[in-house]
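A closer look at the structure
If you want the building blocks of each chain, they are given just below.
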Amino acid sequence: MELLHSGKVRDLYADGDDLILVASDRLSVFDVILPTPIPDKGAILTQLSLWWFEQLADLVPNHVISQDVPSEFAGRAIRCRRLKMVPVECVARGYLTGSGLRDYEATGVVSGIALPPGLVESSQLAEPIFTPSTKGAVGEHDEPMTFAEVVATVGEATAEQLRDITLAVYRRGSEIAAERGILIADTKIELGWDAANQLVLADEVLTPDCARFWPAEDYLPGKVQDSFDKQPVRDWAAGTGWNKSEPGPELPEAIVEQTRARYVAAYERLTGRTW
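What comes next is a walk through the structure.

A word on the packing of aromatic side chains. This structure, assessed with the given rule, holds seven aromatic pairs. Between W51 and W52, the ring centres sit 4.9 Å apart and the planes meet at 75 degrees, which makes this aromatic pair edge-to-face. Each member of the pair, W51 as well as W52, is classed as buried. Connected via pairs of aromatic rings, a cluster forms that spans Y95, W214 and Y219. Over the ring of F30 we find K244, and its NZ or CZ is 4.3 Å from the ring centre.

Attention shifts here to the pattern of salt bridges. Pairs can form between side chains of opposite charge whenever their charged atoms are close. Counted according to the given criterion, the structure contains 19 salt bridges. For D203, the salt bridge identified is with R10, shortest N-O distance 3.7 Å. With a gap of 193 residues between them, D203 in the loop between β14 (199-202) and β15 (211-215) and R10 in strand β2 (residues 10-15) connect regions that are remote in the sequence. Among the residues examined, D203 registers a relative accessible area of 21% and is labelled partly exposed. Judged by relative accessible area, which is 10%, R10 ranks as buried. Among the salt bridges present, the one from R180 reaches E179, with a minimum N-O distance of 3.4 Å. A network of salt bridges, in which partner residues are shared, links R10, D203 and E204.

Let us look at helix α1 (residues 41-56). The terminal C-alpha atoms of α1, which comprises 16 residues, lie 22 Å apart, in line with the 22 Å expected from a rise of 1.5 Å per residue. In terms of residue burial, α1 counts as a mostly covered element, since 14 of its 16 residues are buried.

On to the packing of helix α3 (residues 147-154) against helix α4 (residues 156-179). Orientation of α3 relative to α4, taken along the N-to-C sense of each, is 125 degrees, at an axis distance of 7 Å. When the axis of α3 is compared with that of α4, the two are oblique. In this structure, α3 meets α4 at a crossing whose hand is right-handed. On α4, the residues touching F147, V150, V151 and V154 of α3 are E156, T158, A159, E160, L162 and R163.

Definitions and cut-offs
Residues numbered from 1 in each chain as written. Predicted model: local features only at pLDDT ≥ 70, side-chain atom pairs only at ≥ 80, totals over all residues. Heavy atoms only, no water. Phe/Tyr/Trp six-rings, centres within 6.5 Å; stacked < 30°, edge-to-face > 60°. Buried < 20%, exposed > 50% of the residue type's maximum accessible area, 1.4 Å probe, protein only. Lys NZ or Arg CZ within 6 Å of the ring centre and 35° of its normal. Salt bridge = Lys/Arg side-chain N within 4 Å of Asp/Glu carboxyl O. Helix = DSSP H or I, 4+ residues; strand = E, 2+ residues; numbered from the N terminus. Expected span 1.5 Å × (residues − 1). Axes fitted to C-alpha atoms, helices over the stretch in contact; angles between N-to-C directions. Parallel < 35°, antiparallel > 145°, perpendicular 65-115°, else oblique. Left-handed = near helix turned anticlockwise from the far one by under 90°. Contact = heavy atoms within 4.5 Å.

This is the structure:
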């Protein structure tokens, strides 16, 4: 196999006509890879993504061929189709938090979408919104894009498809998660074109690395929510005085254990399976 790309979390190998997508235990926050891994994280991400691909199969095709991968990657890798990836981060938000909240507080606008006044941390939006961003290289930050900028990048018809698929995935995921007591605040998805020029869901989907999961029983607007995702790492890192650029700080053992427990909790609550 040939290593084609090593990203923030995933490594991509060529294996004949197929690709092998391997999820590592690396963790990134603020677009920076931290030096401390989270045990089992890669396997949890892979298995949760495979479960979600099944739940979403009627909405959008996906890149999965099988889990037939080299033994050293067993459980944490997917054999998948080659795609031409869309040069846009496709993001849906149903609640206002993170960078969306910061943009709203500064301008009243998120990715070119004007939102009503009076919203606070974790406010639920009247309808989910499509808030795309650029795809920053490793070590670079993603920048918000307006829908018009997406149109300029990929054309109007494709931009509309990206928006519609992203919102459909978010809505389906939110409905399923809500039945299990989880609110999905926001998520990003990766899409690419296959050989027939059809848009296909790729990479990971609705995992703690690409979505914010909140326990519904504790939800209260106006404050930062507890979470099943890597928010504890974001919160810890933000409190260290770190400038959010390379190199990232080492994580304390307690933060590593807490974060692993939340990945496991997300997997178990969503799938109903024991990790």
